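Understanding the architecture of this molecule
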Amino acid sequence: MTLLSLPPAPERNDSATDRRVPRPFLLTTSVYEPERAVSWPPHRHAEHELLWSDRGVVTMYADGRQWTVTPGFGLWVPAGVEHEGSTRDHTEVRATYFAPDSWRRAWDRPVVVSVIPAVRQLLMHLKYARMTAEQRIRAQQVCVDMLEVTESARLDVPLPRDSRLAPLVERVLRDPADDRSLEQWAVVLNITSRTLTRAFAAEVAMGFAHWRRLVRMRAALGQLADGSSVKVVARRVGYSSTSAFVAAFRKTVGCTPGDLVGRP
C-alpha cells in the first residue's frame, strides 16, 4: 500500500496559517485519483473536512471508530480531530474543506453526511469552473445548505479499547469470516463468557454478534467495490448462503448488494 503524501506543514506553529480555503470563500475541494491503494497516517486539519468518494470505498479511523465511506455518503471530520485512513485500487477520493469561521452547524464530532449527486456535481463544478468571487460564494453556500447528516446508512464500526478484547478485535477485523462464538472466544482469551459479554456491552454498546455483523458488512462493501460477485463476497465474510448475506446486508446498509453495485 502506498503512503499518500500530505501537504507540507505550515512554517509557523499557528493553525490559522494552515488554510486550504482562501478568504472570503467557504470551501474548497481536493481530488485524489491514484491507481493504487493509498493510506494516510494519523493527522489533523485546521479546517473541517468532508471526505467522500465518487468511486470505490475509503476506510477511515476517527473518534475510536472504523468508518467506511461509499459513493453517496461522506465522513465529516471536524477541525482538529485526528484521523487516518486508506483506499483500495482505483478509488476516486474527494476531500472538501470548510472554513471554520463561516461554519454555523454544531457538527462537533465525526458524522455521516449525505452527498447527493447534485452536491457532488456542484462541488466538482466549483473546483474547475471560472466565476466571479460573488458567484462562487453563492454556489458554495448552496452546497453547504444541501449537506445533511444521515442515519440511513451505518458506516461506522466502534472499536473496543479494552486490552482483553484486543486479540478478538484484531482477528475479526483481519478475517471477518471467523465464525467462533462468544463462548469459544472466552476460552481463547481465558475469561468467562459473562465477563466478555459485559466488556463488549460496556465498550461498544452492542452485543458481539451485532458488532461482528457490522465488521462483515464493512468488509463486504470494499470487496463488492473491487468487483467481486455477491456470492463470493458472502462466502468471504462468513455466510454459508447468499440469501442470508443479502438479508444481513440490507438490514445493515439499507439496500441490497445488487442495488449498491448495479449488478445481481
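Residues numbered from 1 in each chain as written. Predicted model: local features only at pLDDT ≥ 70, side-chain atom pairs only at ≥ 80, totals over all residues. Heavy atoms only, no water.

1. Quick word on unusual backbone geometry
The omega torsion of the bond from Arg23 to Pro24 falls at 10°, within 30 degrees of zero and hence cis. Along the chain, the position of Pro24 falls in the loop between strand E1 (2-3) and strand E2 (27-32). Residue Asn190 is not a glycine yet carries a positive backbone phi of 60°. Relative to the elements of secondary structure, Asn190 occurs in the loop between helix H4 (182-189) and helix H5 (193-204). (Helix = DSSP H or I, 4+ residues; strand = E, 2+ residues; numbered from the N terminus.)

2. A short note on the packing of aromatic side chains
Tallied over the entire structure, the rule returns 11 aromatic pairs. When the ring of Phe98 is compared with that of Trp103, the centres are 5.2 Å apart and the planes differ by 65°; the resulting orientation is edge-to-face. Accessibility assignment for this pair places Phe98 and Trp103 in one class, buried. One aromatic cluster is present, built from ring pairs that chain together Trp76, Phe98, Trp103 and Trp107. Directly above the aromatic system of Tyr97 lies the positively charged group of Arg20, at a separation of 4.3 Å from the ring centroid. Above the face of the Tyr128 ring, Lys127 is positioned so that its terminal group lies 5.7 Å from the ring centre. (Phe/Tyr/Trp six-rings, centres within 6.5 Å; stacked < 30°, edge-to-face > 60°. Buried < 20%, exposed > 50% of the residue type's maximum accessible area, 1.4 Å probe, protein only. Lys NZ or Arg CZ within 6 Å of the ring centre and 35° of its normal.)

3. Examining the pattern of salt bridges
Evaluated as defined, the whole model comprises 12 salt bridges. For the salt bridge of Glu33 with Arg94, the shortest nitrogen-to-oxygen distance reads 2.9 Å. Linking Glu33 in the loop between E2 and strand E3 (38-43) with Arg94 in strand E9 (residues 92-98), this pair joins segments that are 61 residues apart in sequence. The exposure class of Glu33 is partly exposed, given its relative accessible area of 49%. For Arg94, a relative accessible area of 4% puts it in the buried group. Between Arg94 and Glu92 there is a salt bridge; the shortest N-O distance is 3.5 Å. Each of the salt bridges in this network shares a partner with another, and the network as a whole consists of Glu33, Asp54, Arg55, Glu92, Arg94 and Arg120. (Salt bridge = Lys/Arg side-chain N within 4 Å of Asp/Glu carboxyl O.)

4. Considering the side chain of Asp178
Examined against the element boundaries, Asp178 turns out to sit in the loop between helix H3 (166-174) and H4. Overall, the relative accessible area of 7% leaves Asp178 in the buried class. Those residues in contact with Asp178 that sit more than four places away from it in its chain are Arg171, Trp185, Arg212 and Arg216. (Contact = heavy atoms within 4.5 Å.)

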